[in-house]
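Observations on the three-dimensional arrangement
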Amino acid sequence: MHLTRRRLIGAAAATMASATLAYAATPRKPLIVGHRGAPGYLPEHTIPGYELAIRMGADFIEPDVVSTSDGHLIVRHEPLLSVTTDVAERSEFADRKRTRTLDGIQTTDFFTCDFTLAEIKTLRAKQAFADRDQSHNGQYGIVTLQEVIDLAQAKTREVGRVIGIYPEVKHSTFHRELGLPIEDKLLDMLRHAGMEAKSSPVIIQSFETANLKYLRAKTQVRLMQLVDGSDTDAKGDMVLTPPSDKPYDWVVAGRAGNNLDQLTPRGLADIAAYADIVAPWKRYLISFSDGKPRLNRKLIEDAHALGLQVHTWTMRNDRLDPFYHGDPVAEYRQLFAMGVDGVFTDFPDTGVKARA
């Protein structure tokens, strides 16, 4: 390694070490996580989207991590490309559309695992929600995980506050079965960036459980267990249907139970053995019956009693329950009053405003 490069890496590591100490000493208040950046305003998982989230005051930015065919880690919400890129309009890739089994579901799309990084880099991002601003479609490229790490470190130095990253390992079993496992590559990148301590400004998340247990044996970085849901019924009770009914590694292992079992006192105790945070979908915490909210404070209390923080997702100004009468701040405040420790939001400025 050239001396100049060693010095640059050493300087970056020193910067992150001092940032880590500052982060660890900062009094805790609910984290505001820029969910995929700031997709309420700009296409998700783009550098401008992440930069906007940081300007708006997000504490962490969230990259969802998937793999290319040549093993590079890139940032997309799913290993599917048609919803968030212009791939369907690119005639040179027409033959890449195929059907794969994704978490037990036959899915036809353009998969990241069928493209090299060089090919991915020719694609352009677009807004995933048809009712949001489409004027930035085609302007921004597809981002690698390394680019997100570099951005967070650069912005930490630039703005004088720690910008954390909250990577989600997407479809761990799917990638492992393809021979494209994500976990060790992610750890290597964090290690190279000087982000390998429990106090480092990084949290790794997953809907699966086996990979988090694997990661716990290899790192002190904080881990978060996501808990999915499908819908709620008229009484506000959770409805669970595949593939959102249980972690997919449970399906593969033939394990009984579902996501409701993860949120019982026993299930939370199991999570606390390997994770630092549990993140149930927000409808486990606040659901609605006859237009009135049902608050599940006990879940938060049970998790806190085990030393688990509770984060939840996803806050969206444009997809509010009618109960809030168009005021998104009211939803945040309700969750904060219940004791939630962090939220993922498509509108980071609203989250920061509500917290203040």
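Everything numeric in this text was worked out from a predicted model, so none of it was measured. (Residues numbered from 1 in each chain as written. Predicted model: local features only at pLDDT ≥ 70, side-chain atom pairs only at ≥ 80, totals over all residues. Heavy atoms only, no water.)

This part covers the overall build of the protein chain. Counting secondary structure elements, the protein chain contains 13 helices and 18 strands. Against the compact-globule benchmark of 21 Å for 356 residues, the protein chain has a radius of gyration of 20 Å, which places it among compact chains. Evaluated residue by residue, the protein chain yields a buried proportion of 55% over its 356 residues. Here the protein chain has roughly 15,000 Å² of accessible surface; of this, 53% comes from carbon and sulfur atoms. (Helix = DSSP H or I, 4+ residues; strand = E, 2+ residues; numbered from the N terminus. Rg over C-alpha atoms; globule rule 2.2 N^0.38 Å. Buried < 20%, exposed > 50% of the residue type's maximum accessible area, 1.4 Å probe, protein only. Areas by Shrake-Rupley, 256 points an atom, 1.4 Å probe, with all protein chains shown as cover.)

Now for the pattern of salt bridges. A side chain with one charge can pair with a side chain of the opposite charge if their charged atoms come near. Overall, the coordinates contain 25 salt bridges when judged by the stated rule. Put simply, Arg191 and Glu196 hold a salt bridge, and the shortest N to O gap is 3.5 Å. Arg191 gets classed as partly exposed once you look at its relative accessible area, which sits at 39%. On the basis of relative accessibility, which here comes to 42%, the residue Glu196 falls in the partly exposed class. In this structure, a network of salt bridges that share partners links the residues Asp131, Arg132, Arg316, Asp318, Arg319 and Asp346. (Salt bridge = Lys/Arg side-chain N within 4 Å of Asp/Glu carboxyl O.)

Right, let's talk about helix 4 (residues 145-159) for a bit. Helical periodicity: at 3.6 residues per turn, an α-helix aligns residues three or four positions apart in one direction. With 15 residues, helix 4 should cover 21 Å at 1.5 Å per step; its first-to-last C-alpha distance of 21 Å lies within 8% of that length. Those residues of helix 4 lying buried are Leu145, Val148, Ile149, Leu151, Ala152, Gln153, Lys155 and Thr156. Positive backbone phi, at 75°, marks Gly160, one or two positions downstream of helix 4. (Expected span 1.5 Å × (residues − 1).)

As for its placement among the helices and strands, Gln225 is situated in strand 11 (residues 222-227). A distance of 3.4 Å separates a polar side-chain atom of Gln225 from the backbone oxygen of Glu208. Here the side chain of Gln225 touches Tyr274 through a polar contact of 2.7 Å, side chain to side chain. For Gln225, the residues in contact, after removing those within four places along its chain, are Ser206, Phe207, Glu208, Thr209, Leu212, Gln262, Ile271, Tyr274, Ala275, Ile277, Val278 and Ala279. (Polar contact = N/O pair within 3.5 Å; in protein donor to acceptor, adjacent residues only side chain to side chain. Contact = heavy atoms within 4.5 Å.)

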